[in-house]
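# Examining the three-dimensional arrangement
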Amino acid sequence: MPDFATPTLGEPRFPSPLKLSNVPGDFIADYTRPDARILYDPTGATPGVYFELAGPRERIYFEGEGTTAGIVTCGGLCPGMNNVIRGLVRRLWYSYSVRRIYGFRYGFLGLAPRSPEPPMLLDPGVIADIHLSGGTILGSSRGPQGAEEMVDTLQRMKVNMLFVIGGDGSMRGTHAIYEEVARRGAKIAIVGVPKTIDNDVLFIEKTFGYETAVAIAADAIKAAHVEAVGSPKGVGLVQLMGRSSGFIAASAALASREANLILVPEVPFDLEGERGVMGYLRWRLASRGHALVVVAEGAGQEHLPKSDEHDASGNVKLADIGQFLRERLVREFKPEGASIKYIDPSYIVRAAPANASDSIFCGQLAEEAVHAAMAGKTGVVIGYWAGRFTYVPLTAVITGRKVISPDSAFWRSVIEATGQPPLLNN
Ligand code: F6P
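Residues numbered from 1 in each chain as written. Predicted model: local features only at pLDDT ≥ 70, side-chain atom pairs only at ≥ 80, totals over all residues. Heavy atoms only, no water.

## Looking at the sheet that holds strand β13 (residues 339-343)
For clarity, the cut-off: Strands are treated as partners if at least two bridges between them are detected by DSSP. A run of H or I in DSSP becomes a helix once it reaches four residues, and a run of E becomes a strand once it reaches two; helices and strands are each numbered from the N terminus. For helices, the fitted axis covers only the stretch in contact; all axes are lines through C-alpha atoms, and the angles between them, taken along N-to-C directions, range from 0 to 180 degrees. By definition, residues are in contact when any of their heavy atoms lie within 4.5 Å.
In space, the four strands of this open sheet follow the order β11-β12-β10-β13, with parallel pairing throughout. The open sheet is flanked by β11 (261-263) and β13, the only strands paired with a single partner. Here the average twist between neighbouring strands, direction ignored, is 15°. Where helix α6 (residues 277-288) meets the sheet, it contacts β10 (234-240), β11 and β12 (290-296), and its direction lies at approximately 150° from that of β12.

What follows is the structure, encoded as structure tokens:
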């Protein structure tokens, strides 16, 4: 079990300017006590392991006036990035009177000397309407830059706190910045906000953008269902993103309730043979007249040539399971008169603006991130666990990626909803 203790820059020296309370029942929201914790495992099976609860502290480390903040958005686009930028700027400005807020351009590249553009100065006017649009007003990019040069930039610009909006790859880059800052003994708070449609950040129940992605993906599944039932022996095939985690595919299938087979990276399957995918679909077409398959982009990679290529974030480039399955389905069923319709909504899913629940979540994550940095918390990502906002140290977050547990109630629901056999193996 990794260490969940939250690093801090030092003793909080100043009283918070927020007019909150410590008295329950006085009709005023309360500060979060510095010793407030939540059990990592609510069943009690892992006793003594806790996350520190996020929230505004009564004593803080930075005085708002004179403090400089930086914001950077990294990695692939994701619904809600603009909502988080807006939330950060508004809380910094209105809650803590921070007046110098830089928006670094195009991910970590914006912190490097070769940045294509200088940082933007952000204030409530600049960000007023940005939550209505998808993407990020700051731009984004993949890949880390040298930690030393990025920290040089932060120190040169006298940045006291950096908010990194990114997924698991970006959190590795953020950790490198945090370590370099610590090595120099600089007092710069480094706080991550967990962004990714893939929902694969470790020790965090939900990342922002995921729910919007699921809602849009569910529409693609509904369209494929309409197509599948609209012709004799109709087969719908939808490929969804998610890298090595099948969360988007599984949740979108649960949301739509139309899919008959979900293939995710976490559960291997045979393609051929009576008990493999083709055998199951043959049975399904014979008995029900149509079939709808949802495949996560990382599923079934063992059936495709392995790639040695990596993207700029260091992720292995996945082979195209969607196209591969489409061709295989055409070969198998077209001669018998089946009609195969393939939908890959990929970038449509992640370029959308945040839906209602993500808008709420993004605003809350931004608030917690600002409270964390003002209190001097550093080297942390704002987490969400058992319905509470938490601090998760970057050192813990970067130890792996969250995937679906095939033993979980979540995966059981998927199997129950689709009616597919739990295993597709001969
Ligand atoms: O991590 C987010 C994500 O959208 C993944 O689901 C997908 O595999 C990947 O990014 C696509 O990356 P790119 O933007 O480099 O095409």
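Let us keep going from here.
## Remarks on the packing of aromatic side chains
By convention here, two paired aromatic rings are described through the distance between centres and the angle between planes. Definition in use: Classification of ring pairs rests on two measures: the distance between centres of Phe, Tyr or Trp rings, Trp counted by its six-membered ring, which must be within 6.5 Å, and the angle between planes, read as stacked under 30 degrees, edge-to-face over 60 and tilted in between. With a 1.4 Å probe rolled over the protein chains alone, any residue whose accessible area is under 20% of its type maximum counts as buried; one over 50% counts as exposed, and the rest are partly exposed.
Tallied over the full model, the rule gives 14 aromatic pairs. Taking the centre distance of 5.3 Å and the plane angle of 70° together, the rings of F51 and W385 count as edge-to-face. One end of the pair, F51, is in strand β3 (residues 50-53); the other, W385, is in strand β14 (residues 380-385), with 334 residues separating them in the sequence. Here F51 matches W385 in class, with each residue buried.

## Here we look at α6
This is how it is decided: Multiplying 1.5 Å by the helix residue count minus one yields the expected span of that helix.
The terminal C-alpha atoms of α6, which comprises 12 residues, lie 16 Å apart, in line with the 16 Å expected from a rise of 1.5 Å per residue. G289 lies just past α6 and shows a positive phi near 85°.

## Quick notes on the sheet that holds β14
Reading across the sheet, the nine strands line up as β2-β3-β15-β14-β9-β8-β5-β6-β7 and stay open at both edges, with mixed pairing between neighbours. Each end of this open sheet is capped by a strand with a single partner; those strands are β2 (37-39) and β7 (120-121). Pairing of strand β5 (residues 68-73) with strand β8 (residues 161-166) involves five bridges; the strand directions are parallel. Residue I71 lies in a different strand from β8, and its bridge partner there is F163.

Just geometry here; none of it tells us what the structure is for.
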